[in-house]
Amino acid sequence: MNDYIIVKNAGTNNLKNISIEIPKHKIVAVTGVSGSGKSSFVFDTIACESQRLLNETYSSYIQNLLPKYRKPPVDSISNLPVSLVINQKRIRGNSRSTVGTVTDIYADLRLLYSRIARPFIGYSMKYSFNNSEGMCRTCQGLGEVKSIDLNELIDFDKSLNDNAINFPTFKDGGWRLTRYTESGFLIIIKKYLTTVKMNLIYFFILQK
């Protein structure tokens, strides 16, 4: 009978004295219409009792730091193993997020690899894509490379005053353009190169 979790007379929330034997070492699906008591049975009864019994094995100091679980209204639950509860939550992340970081399993894997892999045994940060020594040097751990096409950004046939920089805040009246052209610290020289028939823009900072 140790191959079954035996629940007798569970009355959590809307459960009406449910008694059932659940096979262990198998994938078990609990289905039913909304409000039938699926969550009450799985989370508020079985998982809650498992977590409560597990917490009782720790010292009083540790128990005060852990979540508190009340004993569910059930006559008995036998052969109950340790439960792992995965709550439903909205996935949040950024450009550096991966399945491992979003699910919080990445830190455990990194620790595992740091203990069994070479040559950086014991130095888990070496395996972090957010660490300069562990990330890809080309993409910086982002998985993609972004670069600026200068020919799209700058029109080399124009001077700075003629809107050579193709960027919104560098247009006429833009504060970035005005900051340079009206500062008095920059001289704009339009140098013609007849060999290639194109203009280059040079900025010279005046030294006082």
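We now turn to the structure provided with this report.

The rules behind each value
Residues numbered from 1 in each chain as written. Predicted model: local features only at pLDDT ≥ 70, side-chain atom pairs only at ≥ 80, totals over all residues. Heavy atoms only, no water. Core = buried A, V, L, I, M, F, W, Y, C linked by side-chain atoms within 4.5 Å. Buried < 20%, exposed > 50% of the residue type's maximum accessible area, 1.4 Å probe, protein only. Helix = DSSP H or I, 4+ residues; strand = E, 2+ residues; numbered from the N terminus. Polar contact = N/O pair within 3.5 Å; in protein donor to acceptor, adjacent residues only side chain to side chain. 1 Å grid on protein atoms, 1.4 Å probe; cavity = no way out; pocket = protein on both sides within 12 Å on 5 of 7 lines; lining within 4 Å. Points joined across faces, edges and corners; volume = space filled by probe spheres on them. Nonpolar A, V, L, I, M, F, W, Y, C, P; charged D, E, K, R; others polar. Expected span 1.5 Å × (residues − 1). Bend = angle between axes of the 7 residues up to and from the residue. Contact = heavy atoms within 4.5 Å. Salt bridge = Lys/Arg side-chain N within 4 Å of Asp/Glu carboxyl O. Arc of directions from axis to C-beta. Pairing = 2+ DSSP bridges. Axes fitted to C-alpha atoms, helices over the stretch in contact; angles between N-to-C directions.

A few points about the nonpolar core
Link 1 in the chain: I5, V7, A10, L15, I22, F41, I46, V74 and I77 together form the largest nonpolar core, which totals 9 residues.
Link 2 in the chain: Per element, the largest residue contribution to this core is 3 residues, and it comes from strand 1 (residues 4–10).

Observations concerning the side chain of N55
Link 1 in the chain: Residue placement: N55 occurs in helix 1 (residues 38–55).
Link 2 in the chain: By relative accessible area, N55 is classed as buried at 12%.
Link 3 in the chain: Reaching out from N55, the side chain makes a polar contact with the backbone oxygen of P67 at a distance of 3.1 Å.

Digging into the layout of surface pockets
Link 1 in the chain: If you add up the space inside the largest pocket, you get close to 590 Å³.
Link 2 in the chain: If you trace the largest pocket, you find 23 residues lining it, with I5, V28, V42, I46 and S83 closest to the centre.
Link 3 in the chain: Sorting the residues of the lining of the largest pocket by element identifies strand 2 (18–23) and helix 1 as the ones contributing at least two each.
Link 4 in the chain: Among the elements that take part in the lining of the largest pocket, helix 1 stands out by supplying 6 residues, more than any other.
Link 5 in the chain: Of the residues that constitute the lining of the largest pocket, the class distribution is 18 nonpolar, 3 polar and 2 charged.

As for unusual backbone geometry
Link 1 in the chain: Positive phi values are uncommon outside glycine, yet N9 reaches one of about 55°.
Link 2 in the chain: Structurally, the position occupied by N9 is in strand 1.
Link 3 in the chain: Owing to a relative accessible area of 30%, N9 belongs among the partly exposed residues under this scheme.
Link 4 in the chain: Its identity is not glycine, yet N17 carries a phi of approximately 50°, on the positive side.
Link 5 in the chain: Along the chain, the position of N17 falls in the loop between strand 1 and strand 2.

Topic: helix 1
Link 1 in the chain: When the terminal C-alpha atoms of helix 1 are compared, their 24 Å separation across 18 residues agrees well with the 26 Å that a helix rising 1.5 Å per residue should span.
Link 2 in the chain: In helix 1, a bend of some 35° at C48 exceeds every other bend along the element.
Link 3 in the chain: Among the residues of helix 1, S40, F41, T45, I46, A47, C48, E49, S50, Q51, R52 and N55 are the ones counted as buried.
Link 4 in the chain: Looking at the packing, one finds that the buried side of helix 1 touches strand 1, strand 2, helix 2 (60–65) and strand 3 (74–78).

Notes on the pattern of salt bridges
Link 1 in the chain: Counted by the stated rule, this structure contains 3 salt bridges.
Link 2 in the chain: Note that E49 is salt-bridged to R52, the shortest N-O span being 2.8 Å. Here E49 pairs with R52, and both are found in helix 1, just 3 residues apart, close to one helical turn. The burial state of E49 is the same as that of R52; both residues are buried.
Link 3 in the chain: By relative accessible area, E49 is classed as buried at 7%.
Link 4 in the chain: It is possible to trace a salt-bridge network through shared partners that takes in E49, R52, E56 and K71.

Comments concerning helix 4 (residues 106–116)
Link 1 in the chain: Buried residues of helix 4: Y106, R110 and S114, and no others. Along helix 4, the residues classed as buried sweep out an arc of 75° about the axis, all on the same side. With respect to the buried face of helix 4, the exposed residues turned more than 90 degrees away are D108 and I116.
Link 2 in the chain: Buried-residue contacts for helix 4 involve helix 3 (99–102).

Digging into the sheet that holds strand 2
Link 1 in the chain: Taken together, 3 strands build an open sheet; the order of strands is 2-1-3 and the sheet is antiparallel. Pairing within the sheet leaves two strands with one partner each, and these edge strands are strand 2 and strand 3. Strand-to-strand twist of the sheet, defined as the mean angle between neighbouring strand axes without regard to direction, takes the value 5°.
Link 2 in the chain: Summarising the sheet, strand 1 and strand 3 pair through 4 bridges and their orientation is antiparallel. Directly across from I6, in strand 3, lies its bridge partner S78.
Link 3 in the chain: Running at roughly 70° to strand 2, helix 1 makes contact with strand 1, strand 2 and strand 3 of the sheet.

Purely geometric stuff here, so don't read any function into it on its own.
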